[in-house]
Amino acid sequence: MPHDVQIAIMDEVDELDKQELERKAELEELVADLISLSGDEPKDIVAHAMSNILWELKYRINEDDDDNRYQDLLHMLIDEECDKDFEQMGKTEKMEIVVNWYGVMDLLKELRNGYDLDIKDYTSDELYAKCYYMCLYNLISDFSCDDIKIIQKYNINVLINDEDE
């Protein structure tokens, strides 16, 4: 292989490495923001949910997975998070706290416009569950399959240290 082609390839690799390291720094900041506990109940509920989802993504995404697999897994994990039984208070009550904090009207509008959802067809609890799902999805939508692979590669912490609670 000619020397100038080798240099061009190495320059391209260096640029890709630089971009990956920049994204790694962005991901570290984004993850830290999502999973940090603040003592504010809705934010802490969301932090625990985001940590659970990111942990599962970190260990379930494989090197050969693509964004389609990532989206399938993400939706499944958000469903699981929405279905979990909350220990200290009722599931619906926690969902209501988070949805009201995030903005119930914005979430309902997004569900109605984006998914052609007729809110009159659902109970209040069902709407809170759908809004909670949308809230979690919106908060984690900044991540891609490639981002999860970077989180894996650099072993970025996605777990909450809540020993002090």
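Because the structure is a prediction, the values reported are computed rather than measured. (Residues numbered from 1 in each chain as written. Predicted model: local features only at pLDDT ≥ 70, side-chain atom pairs only at ≥ 80, totals over all residues. Heavy atoms only, no water.)

Asker: Help me understand the overall build of the protein chain, please; the structure alone is not making it clear to me.
Answerer: Summing up its helical and strand segments, the protein chain has seven helices and zero strands in all. Ordered by position from N to C terminus, the α and β elements of the protein chain give α-α-α-α-α-α-α. Computed over the C-alpha atoms, the radius of gyration of the protein chain is 19 Å, more than 25% above the 15 Å expected from 2.2 N^0.38 for a compact globule of 165 residues. In terms of overall dimensions, the protein chain has a C-alpha envelope of 70 × 45 × 25 Å along the principal axes. For the protein chain, the proportion of its 165 residues judged to be buried stands at 35%. The long-range fraction of contacts in the protein chain, counting pairs at least 24 apart against all pairs at least 6 apart in sequence, stands at 73%. Each charge class in the protein chain was averaged separately, 16 positive and 44 negative side chains, and the resulting centres sit 3 Å apart. (Helix = DSSP H or I, 4+ residues; strand = E, 2+ residues; numbered from the N terminus. Rg over C-alpha atoms; globule rule 2.2 N^0.38 Å. Buried < 20%, exposed > 50% of the residue type's maximum accessible area, 1.4 Å probe, protein only. Contact = heavy atoms within 4.5 Å. Lys, Arg positive; Asp, Glu negative; His and termini not counted. Charge placed at Lys NZ, Arg CZ, Asp CG, Glu CD.)

Asker: Explanation requested: a nonpolar patch on the surface in the structure shown.
Answerer: A contiguous nonpolar surface patch, about 390 Å² in accessible area, is contributed by Met1, Val5, Ile9 and Met10. Looking at the secondary structure, you find Met1 in the segment before helix H1 (3-35). We classify Met1 as exposed; its relative accessible area is 67%. (Patch = residues over 30% accessible without salt bridge, like charges linked within 9 Å, V, L, I, M, F, W, Y side chains within 5 Å. Areas by Shrake-Rupley, 256 points an atom, 1.4 Å probe, with all protein chains shown as cover. Salt bridge = Lys/Arg side-chain N within 4 Å of Asp/Glu carboxyl O.)

Asker: What's the story with helix H4 (residues 91-102) in this structure? I'm lost.
Answerer: In an α-helix, one turn spans 3.6 residues; hence positions three or four apart end up facing the same way. An ideal rise of 1.5 Å per residue puts 16 Å on 12 residues; H4 measures up with 17 Å between its terminal C-alpha atoms. Regarding H4, the residues found buried are Lys94, Met95, Val98 and Val99. The arc that holds every buried residue of H4, seen down its axis, measures 130°, which confines them to one face. Buried residues in H4 make contact with helix H2 (41-60), helix H3 (67-83), helix H5 (104-115) and helix H6 (124-140). (Expected span 1.5 Å × (residues − 1). Arc of directions from axis to C-beta.)

Asker: Please explain the pattern of salt bridges as it appears in this structure.
Answerer: Opposite charge on two side chains permits pairing when their charged atoms draw close. The tally for this structure, following the rule as stated, stands at six salt bridges. Between Arg23 and Asp147 there is a salt bridge; the shortest N-O distance is 2.7 Å. Separated by 124 residues along the polypeptide, Arg23 in helix H1 and Asp147 in helix H7 (residues 145-153) bring together distant segments of the chain. The class for Arg23 is partly exposed, based on a relative accessible area of 22%. Glu56 serves as the salt-bridge partner of Arg60, at 2.9 Å between the closest nitrogen and oxygen.

Asker: Explain the packing of H3 against H6 here, please?
Answerer: The description of two packed helices rests on the angle between their axes and on the distance between the axes. Running from N to C, H3 and H6 point in directions that differ by 135°, and their axes come no closer than 10 Å. Regarding the angle of H3 to H6, the classification is oblique. The handedness of the crossing between H3 and H6 is right-handed. Of the residues in H6, those in contact with Tyr70, Gln71, Leu74, His75, Ile78, Asp79, Glu81 and Cys82 of H3 are Tyr132, Tyr133, Leu136, Tyr137 and Ile140. A breakdown of the residues in the contact of H3 with H6 according to their chemical character gives nine nonpolar, two polar and two charged. (Axes fitted to C-alpha atoms, helices over the stretch in contact; angles between N-to-C directions. Parallel < 35°, antiparallel > 145°, perpendicular 65-115°, else oblique. Left-handed = near helix turned anticlockwise from the far one by under 90°. Nonpolar A, V, L, I, M, F, W, Y, C, P; charged D, E, K, R; others polar.)

Asker: Help me understand the nonpolar core in this model?
Answerer: Generally speaking, a soluble globular protein has its nonpolar side chains buried in company with each other. Within the largest apolar cluster, 44 residues are counted, with the highest numbers of intra-cluster contacts made by Ile53, Leu57, Ile78, Tyr132, Ile140 and Phe143. In terms of residues, this core owes the most to one element, H6, which gives 10 residues. (Core = buried A, V, L, I, M, F, W, Y, C linked by side-chain atoms within 4.5 Å.)

Nothing here speaks to function; it is geometry throughout.
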